[in-house]
Amino acid sequence: MAVKFMLLVSRQGKIRLTKWFTSDWSAKEKAKTVKDVSQTVLSRRTKMCNVLEYKGIFAVRGTLSFVGPVVPPSLTKTSYSQNQPNDIDFKVVYRRYASLFFIAGTDVDDNELLTLEIIHRYVEVLDKWFLNVCELDIIFNFQQAYMIIGEEVRKGY
C-alpha cells in the first residue's frame, strides 16, 4: 500500500491540508496535481464513482479519467489509447464527509477499497481526537491533524 498524498479540500475549493508521502515531487508538480485533482473532484456529482485515474504532467492530455475497461486503440477515434496502464500516474480515491473532501492519491495497482478504509479510519480518529470534528478544528489545529495523518499512513495505527 503506497499512498502518495492526502488532501483535505472544502466544498468551496480551499485546501485545508496536504500531506505528501513521497519526496520525488517538485513544487510545480505538486501545485499542478493539487489544482487538477481538487477541481475534478469538486466538479463531480455525488452519485459518481469515487475512484479516478490521474494522467499527470507528462501524459498526452494531462487529465483525469474514469476507471473503466481498457479500450483497444483500434476501437477509439483518437490516435492514443485511453486507459493504458503506462499512461496512468496514480489513482485518486476520495470521499466526502460533511463539507470536506478527503482525497488520497495511490499507486495504480493499489486496492481502492483499502484506500477508502484508510480515509474512513482517519475521519474516525479525527472525530475521537477533537470530539465531533468539524472543518474549523482542522483549520485551527492543523499540526495535530497533520501528525495524525502521518502516523496513520506511515505507521499503520
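Read on for an overview of the structure.

Scoring rules and cut-offs
Residues numbered from 1 in each chain as written. Predicted model: local features only at pLDDT ≥ 70, side-chain atom pairs only at ≥ 80, totals over all residues. Heavy atoms only, no water. Phe/Tyr/Trp six-rings, centres within 6.5 Å; stacked < 30°, edge-to-face > 60°. Helix = DSSP H or I, 4+ residues; strand = E, 2+ residues; numbered from the N terminus. Buried < 20%, exposed > 50% of the residue type's maximum accessible area, 1.4 Å probe, protein only. Expected span 1.5 Å × (residues − 1). Contact = heavy atoms within 4.5 Å. Pairing = 2+ DSSP bridges. Salt bridge = Lys/Arg side-chain N within 4 Å of Asp/Glu carboxyl O.

## A few points about the packing of aromatic side chains
Link 1 in the chain: If you walk through the whole model with that rule in mind, you get 10 aromatic pairs.
Link 2 in the chain: Ring geometry for Tyr54 and Phe90: centres 4.6 Å apart, planes at 20°, overall stacked. Pair noted here: Tyr54 is in strand β3 (residues 51-54) and Phe90 is in strand β5 (residues 90-97), with a separation of 36 residues, a long-range link. Summarising the burial analysis for this pair, Tyr54 and Phe90 share the class buried.
Link 3 in the chain: Here the aromatic cluster, defined as three or more aromatic residues joined through ring pairs, consists of Phe5, Trp20, Trp25, Tyr54 and Phe90.

## Comments concerning helix α4 (residues 142-155)
Link 1 in the chain: In a regular helix each residue adds 1.5 Å, so 14 residues correspond to 20 Å; α4 covers 19 Å between its end C-alpha atoms and thus fits that length.
Link 2 in the chain: Those residues of α4 that fall on the buried side of the exposure criterion are Ala145, Ile148, Ile149, Gly150 and Glu152.
Link 3 in the chain: Packed against the buried residues of α4 are β1 (3-10), β2 (15-20), α2 (112-130) and α3 (135-140).

## Quick look at the pairing of strand β6 (residues 100-106)
Link 1 in the chain: Within β6, 7 of the 7 residues are buried, which leaves it mostly tucked inside the rest of the structure.
Link 2 in the chain: Burial along β6 is two-sided: Leu100, Phe102, Ala104 and Thr106 and Phe101, Ile103 and Gly105, pointing in opposite directions, are all buried.
Link 3 in the chain: Note: β1 against β6, 7 bridges, orientation antiparallel. Within β6, the residue paired with Ser10 across the bridge is Leu100.
Link 4 in the chain: Relative to β6, β5 runs antiparallel, the two being bridged by 7 bridges. The residue of β6 that forms the bridge with Arg96 is Phe101.

## Concerning the pattern of salt bridges
Link 1 in the chain: For the structure shown, the criterion picks out 4 salt bridges.
Link 2 in the chain: Two residues, Asp107 and Lys4, come together in a salt bridge whose shortest N-O distance is 3.4 Å. You can see Asp107 sitting in the loop between β6 and α2 and its partner Lys4 sitting in strand β1, a full 103 residues away along the chain.
Link 3 in the chain: A residue is classified by how much of its surface remains accessible, and Asp107, at 23% relative accessible area, is partly exposed.
Link 4 in the chain: Lys4 gets classed as buried once you look at its relative accessible area, which sits at 17%.
Link 5 in the chain: Between Arg16 and Glu135 there is a salt bridge; the shortest N-O distance is 2.7 Å. Here Arg16, found in strand β2, pairs with Glu135, found in helix α3; they are 119 residues apart in sequence, far enough to count as distant.
Link 6 in the chain: Residue classification places Glu135 among the buried residues on the basis of a relative accessible area of 16%.

In short, the description is geometric, and any link to function would need to be established separately.
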